[in-house]
Structures are given as C-alpha cells and as structure tokens.
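Coordinate analysis (summary)
The lines below spell out each chain.
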Amino acid sequence: MSETTQTAAAVNAENIIRRFYEALNTGDAAVVEEVASDLLAPGWQNNPLPPGGTPGRESFAPTVGWLRSVFPDLIIGHEDIVASADGTKVAVRSVSRGTHKGEILGVPTTGRTVQYRAFDFHHLKDGRIVQSWHLEDFFALLSQLGAQFTNDA
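We now turn to the structure provided with this report. Note that residues are indexed from 1 along each chain, following the sequence as it is written. Given that the model is predicted, a residue must reach a pLDDT of at least 70 before its local features are reported, and side-chain atom pairs must reach 80 or more before they are shown or counted; all residues, however, enter totals for whole chains, interfaces and linings. Side-chain figures throughout are based on the complete set of non-hydrogen atoms in the structure, without hydrogens or water.

What follows covers the side chain of His122. With respect to the element layout, His122 can be found in strand S4 (residues 113-125). With a 1.4 Å probe rolled over the protein chains alone, any residue whose accessible area is under 20% of its type maximum counts as buried; one over 50% counts as exposed, and the rest are partly exposed. Judged by its relative accessible area of 1%, His122 falls in the buried class. Here the side chain of His122 touches Tyr21 through a polar contact of 3.0 Å, side chain to side chain. At 2.8 Å, the side chain of His122 and the side chain of Ser132 are in polar contact. Here a strand is any run of E in DSSP of at least two residues, a helix any run of H or I of at least four, and the numbering for each starts at the N terminus. Contacts described as polar in this section are N or O atom pairs within 3.5 Å, which, within protein, must combine one atom able to donate a hydrogen with one able to accept it, while residues neighboring in sequence count only if both atoms come from side chains.

Here it is, written out as structure tokens:
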C-alpha cells in the first residue's frame, strides 16, 4: 500500500482547523480574535448553537469564553483530522478533557475531571470556515457528572 500525499489545499484546510482548535484549547484572546476575524466567514454557521449562542462569527469569542468557564483547563485532543483533497471539508475526531467548574446542561459544578468524545465537520470556502457541525457524546459527559437519567415519558 502506498503512502498518500496530501494536496496543498488539504494541508491548508487542516492548518486552519488546527488554529480553530488552538483558540478553544488556550482561550487566548488574541488567538480567539484572529480565528473569529480571519478564519471564520462573516456568516459562519455553528451547528448546533451552544446554550445562549447566536449565529455568526461574533458568537465565537463568547462561546469560547463560556466553554472555558465550564472547563477552565479544557484540552481538546485530536485523534483524527481528515481533509478532503480540495480543502473544502475537514472532519475531526477528538477527545475533550477538563475539570467541571461551571454549570452545563443543567448540571451544577461538580469539580470532577471528565472526558468526552466529539466528531466535528467543517466546511471551508475561500480559506475560511463557513459551517461547523458538532456531535458531542453528552451522554458520557452527563454520566461522568453524576446526572440521573429516568425513563419518564
């Protein structure tokens, strides 16, 4: 089996996505601002929106701030990043780890260290992210936080 070489477009798309996650991992205001202004398209669609979130790249900084208030030591580790040859689609498989320090999904602060998996899919156009789709394993997260599940219908 031969080794596959990524196209320049795929490498560029992967680098854009890595910078996106650097903002989430560090919470660094300068990186967050750079991502919002330079790497997210003006009409960026984040799906689904986080609690209290609004559409558009203007919501990126508040979203990062909220996420880091819930998990101040958040680290999103990438298990896979796969970019299409034309650089328009990037899939990310990750594990997020952090200490629960703020309310999330109705669960008050527990101080527990948790980890949960996510799959994210990003659509890029003209070197900017125009849409992001997220699928987090909130069941695993809530279970680690001690949430009680009922079968009430």
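So that's the structure; there's more coming.
On the surface, a nonpolar cluster with roughly 390 Å² of combined accessible area is contributed by Phe119, Phe121, Trp133 and Leu135. Looking at the nonpolar patch, the elements that each hand over two or more residues are S4 and strand S5 (128-136). Structurally, Phe121 can be placed in strand S4. Under the relative-accessibility criterion, Phe121 is labelled partly exposed at 41%. Nonpolar side chains (Val, Leu, Ile, Met, Phe, Trp, Tyr) within 5 Å and like charges within 9 Å form the patches, drawn only from residues with over 30% relative accessible area and no salt bridge. Surface accessibility follows the Shrake-Rupley procedure with a 1.4 Å probe radius. Residue values consider only the protein chains on display as shielding. A pair is scored as a salt bridge if a Lys or Arg side-chain nitrogen falls within 4 Å of a carboxyl oxygen belonging to Asp or Glu.

Moving on to the sheet that holds strand S2 (residues 75-83). Here, strands pair whenever DSSP counts at least two bridges between them. Taken together, the 5 strands give an open sheet; going across it, the order is S1-S5-S4-S3-S2, and neighbouring strands pair in mixed fashion. Here the strands that pair on one side only, and so sit at the sheet edges, are strand S1 (40-47) and S2. Averaged over all pairs of adjacent strands, the angle between their axes in this sheet comes to 20°, without regard to strand direction. With 11 bridges joining them, strand S3 (residues 89-99) and S4 adopt antiparallel strand pairing. By the bridge assignment, Val90 is partnered in S4 with His122. Sitting on the sheet, helix H2 (residues 29-39) touches S1 and S5, and the angle it makes with S1 is about 105°. Axis angles are defined between N-to-C directions and span 0 to 180 degrees, where every axis is a line fitted to C-alpha atoms and, for a helix, only to the segment in contact. The contact definition used throughout considers only heavy atoms, calling two residues in contact when any of these lie within 4.5 Å.

Moving on, we get to the nonpolar core. Residue types Ala, Val, Leu, Ile, Met, Phe, Trp, Tyr and Cys, when buried and joined through side-chain atoms within 4.5 Å, form a set referred to as a nonpolar core. Core analysis: the biggest nonpolar cluster contains 35 residues, and Phe20, Leu24, Val35, Phe60, Phe71, Val90 and Ile129 have the highest contact counts within it. Listed by contribution, the elements that provide at least two residues to this core are helix H1 (8-26), H2, S1, helix H3 (60-70), S2, S3, S4 and helix H4 (138-144). By residue number, the principal contributor to this core is H1, which donates 8 residues. If near-sequence neighbours (up to four positions away) are discounted, Leu24 is found in contact with Phe60, Val64, Leu67, Arg68, Leu74 and Ile76.

Two numbers describe how H1 lies on H2: the axes approach to 8 Å, and their chain directions differ by 140°. When the axes of H1 and H2 are compared, the pair comes out oblique. Crossing of H1 over H2 shows left-handed handedness. For the pair H1 and H2, the contacting residues are Ile16, Arg19, Phe20, Glu22 and Ala23 in the first and Val31, Val32, Glu34, Val35 and Leu39 in the second. Residues are sorted three ways: Asp, Glu, Lys and Arg are charged, Ala, Val, Leu, Ile, Met, Phe, Trp, Tyr, Cys and Pro are nonpolar, and all the rest, Gly among them, are polar. Partitioned by chemical class, the residues of the contact of H1 with H2 number 7 nonpolar, no polar and 3 charged. Angles are sorted into four bins: roughly parallel if under 35 degrees, roughly antiparallel if over 145, roughly perpendicular if 65 to 115, and oblique for all others. Crossing handedness: left-handed means the near helix sits turned counterclockwise from the far one by under a right angle, and right-handed means the same turn made clockwise.

Honestly, it's all geometry; don't read function into it.
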